[in-house]
Amino acid sequence: TTPMGLDPLGLGAVEDKMALAMDLVNVRMILEPGIAEMAAMNATARDVERLRELCAVIEQKIETGENYIEEDIAFHTAVAKWWWNSWYLSLIRLL
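Presented here is a report on the structure given in the accompanying data block. Keep in mind the model is a prediction, meaning the values are calculated, not measured. (Residues numbered from 1 in each chain as written. Predicted model: local features only at pLDDT ≥ 70, side-chain atom pairs only at ≥ 80, totals over all residues. Heavy atoms only, no water.)

### Some points on the overall build of the chain
No. 1: Counting secondary structure elements, the chain contains four helices and zero strands.
No. 2: Order of helices (α) and strands (β) in the chain, N terminus to C terminus: α-α-α-α.
No. 3: Considering the chain as a whole, with its 95 residues, one finds that 19% of them fall into the buried category.
No. 4: Sequence-distant contacts, at least 24 apart, represent 50% of the contacts inside the chain between residues at least 6 apart. (Helix = DSSP H or I, 4+ residues; strand = E, 2+ residues; numbered from the N terminus. Buried < 20%, exposed > 50% of the residue type's maximum accessible area, 1.4 Å probe, protein only. Contact = heavy atoms within 4.5 Å.)

The following block contains the structure:
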């Protein structure tokens with residue numbers, strides 16, 4: 001089993017990983033539009049340019065079949081920081 005500190009939501013025990021992944025997609029679909037809206041109110045022109053750069057890298061990596069998890073995490077972390085919401089910054093580490 002996974003120590004609770006490494007699996008604070010206890011999701012490691014879920015057997016159906018595909019259902020778990022789809023549940024996460026559904027949660028993200030509910031949360032992310034509002035988060036993006038709030039972040040957009042605080043983002044600077046440089047922040048927006050940084051997101052464009054990350055998107056370009058992610059798209060290129062998807063096209064070539066490369067792993068893009070680091071850029072995806074950087075993208076979502078940046079948006080969370082612009083929202084200035086400490087609760088969400090903690091939550092995003094779990095997702």
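### Side note on helix 2 (residues 45–64)
No. 1: Along its 20 residues, helix 2 runs 29 Å from first to last C-alpha, staying within 8% of the 28 Å computed at 1.5 Å per residue.
No. 2: All of the buried residues along helix 2 are Asp-47, Leu-51, Leu-54, Ile-58 and Lys-61. All buried residues of helix 2 project into a common sector of 90° when viewed along the axis, lining one side. Residues of helix 2 that are exposed and point more than 90 degrees away from the buried face comprise Ala-45, Arg-52 and Glu-63.
No. 3: Elements that come into contact with the buried residues of helix 2 comprise helix 1 (17–42) and helix 3 (69–83).
No. 4: Looking one or two residues beyond helix 2, the residue adopting positive phi is Gly-65, at roughly 75°. (Expected span 1.5 Å × (residues − 1). Arc of directions from axis to C-beta.)

### What to know about the nonpolar core
No. 1: Counting ten residues, the largest nonpolar core is built from Ile-35, Ala-39, Leu-51, Leu-54, Ala-78, Val-79, Ala-80, Trp-82, Tyr-88 and Leu-91.
No. 2: When contributions to this core are tallied by element, the ones reaching two or more residues are helix 1, helix 2, helix 3 and helix 4 (86–94).
No. 3: The element contributing the most residues to this core is helix 3, with four residues.
No. 4: Excluding anything up to four places from it in sequence, Ile-35 contacts Val-79, Trp-83 and Tyr-88. (Core = buried A, V, L, I, M, F, W, Y, C linked by side-chain atoms within 4.5 Å.)

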